[in-house]
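In case you want the letters, here they are:
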Amino acid sequence: MHYAYCSSMCDTNANWEITSDVDTSSNSIGRRVDIIVDFDNNPFKFIANSDCLINSSNAEGLPMAILEALACNLCVVSTDCLSGPREILCPNTNLEKQISNGVEYGKYGVLFPINKTKLLAEVMEKIIEDKDLVKSYKLKAKERALFFNSNNIYNLYKNPIHG
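Residues numbered from 1 in each chain as written. Predicted model: local features only at pLDDT ≥ 70, side-chain atom pairs only at ≥ 80, totals over all residues. Heavy atoms only, no water.

J.: Outline helix 5 (residues 117-129), supporting the account with residue identities and numerical values.
T.: Helix length check: helix 5 (13 residues) gives 18 Å between terminal C-alpha atoms against 18 Å at 1.5 Å per residue, within 8%. All buried positions along helix 5 are accounted for by Thr117, Leu119, Leu120, Ala121, Val123, Met124, Ile127 and Ile128. (Helix = DSSP H or I, 4+ residues; strand = E, 2+ residues; numbered from the N terminus. Expected span 1.5 Å × (residues − 1). Buried < 20%, exposed > 50% of the residue type's maximum accessible area, 1.4 Å probe, protein only.)

J.: Describe a nonpolar patch on the surface, with residues and values.
T.: Residues Phe147, Leu156, Tyr157 and Ile161 make up a contiguous nonpolar surface patch of roughly 440 Å² in combined accessible area. By the secondary structure assignment, Ile161 is in helix 7 (residues 150-162). Assessed through its relative accessible area of 63%, Ile161 is described here as exposed. (Patch = residues over 30% accessible without salt bridge, like charges linked within 9 Å, V, L, I, M, F, W, Y side chains within 5 Å. Areas by Shrake-Rupley, 256 points an atom, 1.4 Å probe, with all protein chains shown as cover. Salt bridge = Lys/Arg side-chain N within 4 Å of Asp/Glu carboxyl O.)

J.: Go over the pattern of salt bridges, please, and point to the residues and values.
T.: What the rule picks out here adds up to five salt bridges. Ionic pairing is found between Lys126 and Asp130, a salt bridge with its closest N-O pair at 3.3 Å. Judged by its relative accessible area of 23%, Asp130 falls in the partly exposed class. One salt-bridge network, in which partners are shared between bridges, spans Asp80, Arg86, Lys97 and Glu104.

J.: Describe the pairing of strand 3 (residues 52-55), with residues and values.
T.: Side chains of strand 3 alternate between two faces, with Cys52 and Ile54 and Leu53 and Asn55 buried alike. Following the chain from strand 3 across helix 3 (residues 64-71) to the adjacent parallel strand 4 (residues 75-79), one finds a crossover that is right-handed. (Right-handed = clockwise from strand over helix to strand, strands pointing away.)

J.: Kindly report on the packing of helix 5 against helix 6 (residues 131-147), identifying the contributing residues and their values.
T.: Between helix 5 and helix 6, the least distance of the axes is 5 Å, while the angle of their chain directions is 90°. The orientation of helix 5 with respect to helix 6, classified from their angle, is roughly perpendicular. Contacts from Lys126, Ile127, Ile128 and Glu129 of helix 5 reach helix 6 at Lys131, Leu133 and Val134. Among the residues making up the contact of helix 5 with helix 6, the classes are represented as four nonpolar, no polar and three charged. (Axes fitted to C-alpha atoms, helices over the stretch in contact; angles between N-to-C directions. Parallel < 35°, antiparallel > 145°, perpendicular 65-115°, else oblique. Contact = heavy atoms within 4.5 Å. Nonpolar A, V, L, I, M, F, W, Y, C, P; charged D, E, K, R; others polar.)

J.: Mind laying out the nonpolar core, listing which residues take part and the relevant values?
T.: The biggest cluster of nonpolar side chains holds 16 residues, and the ones touching the most others in it are Leu53, Ile66, Leu70, Val76, Ile88 and Leu89. In terms of residue count, helix 3 provides more of this core than any other element does, four residues in total. In this view, Leu89 contacts Ile66, Leu70, Val76, Ser78, Gly106, Lys107, Tyr108, Gly109, Val110 and Leu111; residues no more than four positions away in its chain are not counted. Judged by nonpolar contacts, the second largest core, of 13 residues, contains Cys52, Leu120, Val134 and Tyr137. (Core = buried A, V, L, I, M, F, W, Y, C linked by side-chain atoms within 4.5 Å.)

This is the structure we're talking about:
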């Protein structure tokens, strides 16, 4: 059994669309995928039993759900919405770029275009089938999350200001 924790700023209809697409694709390969689509003050009870975080936001600032998932060694799949997911998952790419079709398998996670639920279903199928891909993302997850710890961020700002 696979679990995917969906963190989303989308409305309920968009979430159900994604759930429907994923259920269809997962059933076609004969595997059960439980999708949790909800807001909770303590997401760790879901994350602890998950293989993957799916972030389907249309916009972000600093997507804490992505950082929390990385800190818990999860594979992350996210929309390539402006401000946040690309900076975290694909830091050495053009941060002003936003994909409009296709999927980008970045250094720390997977990006797909906003409102492309069929592409999300394809990515979910790949994540379910490709254990090595998931393992490679899980191995790099904590490393990336630690980049955003308070001491590191403080030093990034302190050094240019104080020399």
